[in-house]
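Residues per chain, in single letters:
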Amino acid sequence: MNTETKKMLSSYAAKIRMGIIESTYGAKAGHPGGSLSSADLFAYLYFKEMKNLDPKNPAAPDRDRFVLSKGHCAPGLYSALAHKGYFPVEDLPTLRHIDSYLQGHPNMNTVPGIDMSTGSLGQGISTAVGMAKGAKYIGNDKINVYTLLGDGEIEEGQVWEALMFANQYNLDNLCVIIDCNGLQIDGKCDEVMSAEPIDEKLKAFGLDVITVNGNDFDELEKAFDAFHKCDKPFGIIMKTVKGKGVSFMENQVDWHGKAPNEEEYNIAMAELKAALAEIEEA
């Protein structure tokens, strides 16, 4: 990846992280930890990877689709969509407010750019495989479908049923991404209900698999290049840091589902603004 592209993506990732903090602070609720761990992926998807995205025409029939299967990480997706131009960045602090269109989980009926309403874990990937099968059914193999799951979410049996479907119908236009930050709402994933070895299980269900650092853009580029060369459903296991980018949130399970107070908000925003300034000055 060239320096200019990496700088652009790093800048958007920092802005997406700022939006996550702004929105969860404004809501006095929400899920910053997993949103922050996924911010680099959101930047990569929406500003490099996905094709035919048009904020002026969110329902363009030939667009790539994205399904946030771990729907509680909506603050990260909303921030990416806002910075892409689907709606004003200034609306992010209205997250979860009464009468706000930005509710706690993605709603395709109210938020432009959302391809599927999600929230109940395990169901997002099921709709994603349906979209991928639908694209093949209408003869448009150029539409790719991306879905992001959490490593806690894949404890759901429905996830594996969906993967069986993807293999059965050879959905090589499907990219299944798992954010492995090692933490879920009530502790460490390997202590609550270990899904390891995730890579071997995905392979057993018929996917080609790559494991990368999900907070590194060169690694993400390597993963998506492999997806485009694959003739099977594809799985990306992203090793990430929960709370990435905010020092006191990193690798802390408490930040799975709580909002920063005013003091924490100020510290987090100062760190992220400093990080953005360093990126832009480089």
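Note that the structure is a prediction, hence the values are computed from the model and not measured.

S.K.: Could you clarify how one ought to interpret helix H6 (residues 157-168) in this entry?
M.R.: The α-helix winds at 3.6 residues per turn, so residues separated by three or four positions along the chain end up facing the same way. Compared with an ideal rise of 1.5 Å per residue, which puts twelve residues at 16 Å, H6 spans 17 Å between its outermost C-alpha atoms and is within 8% of the ideal. Turning to H6, its buried residues are Val-159, Trp-160, Ala-162, Leu-163 and Ala-166. Angularly, the buried residues of H6 cover 155 degrees about the axis, an arc narrow enough to put them on a single face. For H6, the exposed residues lying more than 90 degrees away from the buried face are Glu-161 and Gln-168. Contacts made by the buried residues of H6 are with helix H5 (123-137), strand E2 (145-150), strand E3 (174-180) and helix H8 (198-204). Positive phi appears at Asn-170, one or two residues downstream of H6, with a value of about 45 degrees.

S.K.: Looking at this structure, how should I read the nonpolar core?
M.R.: In a soluble, globular protein the nonpolar side chains are often hidden away together inside. Counting 59 residues, the largest nonpolar core has Tyr-46, Phe-66, Phe-224 and Ile-236 as the members making the most contacts within it. The element that contributes the greatest number of residues to this core is helix H1 (residues 3-27), accounting for nine residues. Residues in contact with Phe-224, not counting those within four places in the same chain, are Leu-41, Tyr-44, Leu-45, Glu-49, Tyr-146, Cys-175, Ile-177 and Ile-236. Core analysis: the second largest hydrophobic core is formed by 24 residues, Ala-132, Leu-149, Ala-166 and Ala-195 among them.

S.K.: When you look at the packing of helix H3 (residues 39-49) against helix H4 (residues 74-84) in this model, what are you seeing that I'm missing?
M.R.: Two quantities define a packed helix pair, namely the angle between the helix axes and the distance between the axes. Running from N to C, H3 and H4 point in directions that differ by 30 degrees, and their axes come no closer than 10 Å. Considering how the two elements wind past one another, H3 and H4 form a crossing that is right-handed. On the side of H3, the interface is formed by Phe-42, Tyr-46 and Phe-47, while H4 contributes Gly-76, Leu-77, Ala-80, Leu-81, His-83 and Lys-84.

S.K.: Which parts of the structure should I look at to understand the packing of aromatic side chains?
M.R.: Centre distance and the angle of the planes are the two values used to describe a pair of aromatic rings. All chains considered together, the criterion is met by twelve aromatic pairs. Each member of the aromatic cluster is reached from another via a ring pair, and the members are Tyr-44, Tyr-146, Phe-224, Phe-227 and Phe-234. The ring centre of Tyr-12 lies 5.5 Å from the NZ or CZ of Lys-15, which sits over that ring. Against the face of Trp-255 rests Lys-258, its NZ or CZ located 4.4 Å from the ring centre.

S.K.: Any chance you could explain the pattern of salt bridges here in plain terms?
M.R.: Side chains that differ in charge, positive against negative, can pair when their charged atoms come close. Counted under the stated rule, the structure contains twelve salt bridges. With a closest N to O distance of 3.5 Å, Glu-221 and Lys-48 form a salt bridge. In this pair, Glu-221 is assigned in helix H9 (residues 217-229) and Lys-48 in helix H3, connecting sequence segments 173 residues apart. Note that Asp-141 and Lys-136 form a salt bridge whose closest N and O atoms lie 3.5 Å from each other. Since its relative accessible area comes to 45%, Asp-141 is described here as partly exposed. Within this structure, Lys-136, Asp-141 and Asp-172 form a network of salt bridges that share partners.

Reading the values: the criteria
- Residues numbered from 1 in each chain as written.
- Predicted model: local features only at pLDDT ≥ 70, side-chain atom pairs only at ≥ 80, totals over all residues.
- Heavy atoms only, no water.
- Helix = DSSP H or I, 4+ residues; strand = E, 2+ residues; numbered from the N terminus.
- Expected span 1.5 Å × (residues − 1).
- Buried < 20%, exposed > 50% of the residue type's maximum accessible area, 1.4 Å probe, protein only.
- Arc of directions from axis to C-beta.
- Contact = heavy atoms within 4.5 Å.
- Core = buried A, V, L, I, M, F, W, Y, C linked by side-chain atoms within 4.5 Å.
- Axes fitted to C-alpha atoms, helices over the stretch in contact; angles between N-to-C directions.
- Left-handed = near helix turned anticlockwise from the far one by under 90°.
- Phe/Tyr/Trp six-rings, centres within 6.5 Å; stacked < 30°, edge-to-face > 60°.
- Lys NZ or Arg CZ within 6 Å of the ring centre and 35° of its normal.
- Salt bridge = Lys/Arg side-chain N within 4 Å of Asp/Glu carboxyl O.

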